[in-house]
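# Notes for the structure review
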Amino acid sequence: MPSLSYLDKIAVLDLGDGENRFSPEFLDQVGAHLDTVLADGVQALITTASGKFYSNGLDLDWLGANSERFGWYVGQVQALFARVLTLPVPTAAALPGHAFGAGAMLAIAHDFRVMREDRGYFCFPEVDIHIPFSAGMAALIQAKLSPKSAVASMTTGRRFGGPDALAHDIVDAVAPADAVTEAAAALLTPLGAKDAATLGAIKNTMFGAAVTALATV
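On a predicted model such as this, the values are computed, not experimentally measured, just so you know.

## Concerning the pairing of strand E1 (residues 3-7)
- The sheet contact formed by E1 and strand E2 (residues 10-14) spans five bridges and is antiparallel. By the bridge assignment for E2, Tyr-6 is matched with Ala-11.

## Considering the pattern of salt bridges
- Tallied over the entire structure, the rule returns five salt bridges.
- Note that Lys-203 and Asp-111 form a salt bridge whose closest N and O atoms lie 2.9 Å from each other. Pair noted here: Lys-203 is in helix H9 (residues 196-206) and Asp-111 is in the loop between helix H4 (102-109) and strand E7 (112-116), with a separation of 92 residues, a long-range link.
- Judged by relative accessible area, which is 4%, Lys-203 ranks as buried.
- Of the charged contacts, one joins Arg-116 and Asp-118 as a salt bridge, the two residues approaching to 2.7 Å between their closest N and O atoms.
- Residue Arg-116 is classed as buried on the basis of its relative accessible area of 19%.

## A look at unusual backbone geometry
- Despite not being glycine, Asp-8 shows a phi value in the positive range, around 60 degrees.
- Along the chain, Asp-8 falls in the loop between E1 and E2.
- Judged by its relative accessible area of 71%, Asp-8 falls in the exposed class.
- If you check the backbone angles, Asp-169 has positive phi at about 60 degrees while not being a glycine.

## Focus: the sheet that holds strand E4 (residues 53-55)
- One open sheet accounts for four strands, arranged E4-E6-E8-E9; its pairing is mixed. One side of each edge strand has no neighbouring strand; the edge strands of this open sheet are E4 and strand E9 (159-160).
- Seen against the sheet, H4 touches E4, strand E6 (98-100) and strand E8 (122-123) and runs at an angle of roughly 100 degrees to E6.

## Considering the nonpolar core
- Counting residues in hydrophobic clusters, the biggest one holds 53 residues, and the most contacted among them are Phe-22, Phe-81, Phe-122 and Phe-124.
- Aside from chain neighbours lying at most four places away, what touches Phe-22 is Leu-27, Ser-55, Gly-57, Leu-58, Asp-59, Tyr-73, Val-77, Phe-81, Ala-102, Gly-103 and Leu-106.

## Concerning the pairing of E2
- With five of five residues buried, E2 lies mostly within the body of the structure.
- As consecutive antiparallel partners, E1 and E2 are separated by two residues, and within that stretch Asp-8 has a phi angle of approximately 60 degrees, a positive value.
- Looking at chain direction, E2 and strand E3 (residues 44-48) are connected through five bridges and run parallel. In the sheet register, Leu-13 faces E3, and the bridge partner there is Thr-47.
- Taking the sense of rotation as the criterion, the β-α-β connection linking E2, helix H1 (residues 24-40) and E3 turns out right-handed.

## Some words on the packing of helix H3 (residues 70-85) against H4
- Where H3 meets H4, the axes come as close as 8 Å, and the angle between the chain directions of the two elements is 20 degrees. Here H4 runs roughly parallel to H3, going by the angle between their axes. The two elements H3 and H4 cross, and the hand of that crossing is right-handed. On H4, the residues that touch Leu-80, Phe-81, Val-84 and Leu-85 of H3 are Ala-102, Met-105, Leu-106 and Ala-109.
- Each residue belonging to the contact of H3 with H4 can be placed in one class, and the counts come to eight nonpolar, no polar and no charged.

Calculation notes
- Residues numbered from 1 in each chain as written.
- Predicted model: local features only at pLDDT ≥ 70, side-chain atom pairs only at ≥ 80, totals over all residues.
- Heavy atoms only, no water.
- Pairing = 2+ DSSP bridges.
- Helix = DSSP H or I, 4+ residues; strand = E, 2+ residues; numbered from the N terminus.
- Salt bridge = Lys/Arg side-chain N within 4 Å of Asp/Glu carboxyl O.
- Buried < 20%, exposed > 50% of the residue type's maximum accessible area, 1.4 Å probe, protein only.
- Contact = heavy atoms within 4.5 Å.
- Axes fitted to C-alpha atoms, helices over the stretch in contact; angles between N-to-C directions.
- Core = buried A, V, L, I, M, F, W, Y, C linked by side-chain atoms within 4.5 Å.
- Right-handed = clockwise from strand over helix to strand, strands pointing away.
- Parallel < 35°, antiparallel > 145°, perpendicular 65-115°, else oblique.
- Left-handed = near helix turned anticlockwise from the far one by under 90°.
- Nonpolar A, V, L, I, M, F, W, Y, C, P; charged D, E, K, R; others polar.

Have a look at this one:
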């Protein structure tokens, strides 16, 4: 279950200690925590997890039992991506373990990423599990990665360890398992507090095409 804590003026949203798949309940809980973060006027936000997964992404079991709600569900997931992408505070994803599929997309939606250096994979497995990217998901990833890195990650199903992800500019830093949150804070703290309206407007302009694509299912 997602939980919220604070590291001085930085909010830390822990996604949980399981696979942290995006069930509708999980999405609602994360959304409520983001509401709290913005209401509290924090300086920045870190998302992380307390188990061996950052997130395994879509809740395929829920989808299998609720296939008639596929469009609604994807819309909810993409709305979360768009919200994090344009959140009016600096953001960083601290990855203590695996980030797969939509879980990796959530990490990409942040301004910065820090990954565990010794274990865990960052992976877009869609090409190998026969699930093409939606236009919104592709736009999100391509808004953040260079063309070379997008091809290397989106078309191969490759599993990137921390140093490999750093070499491909997928993450901004690597750290020991017990220090990923602190490393993320070290990226965010020097930025200081930003005017939320200004930063939000900048992000919406920077990523306008991706936000528009994410709003379409």
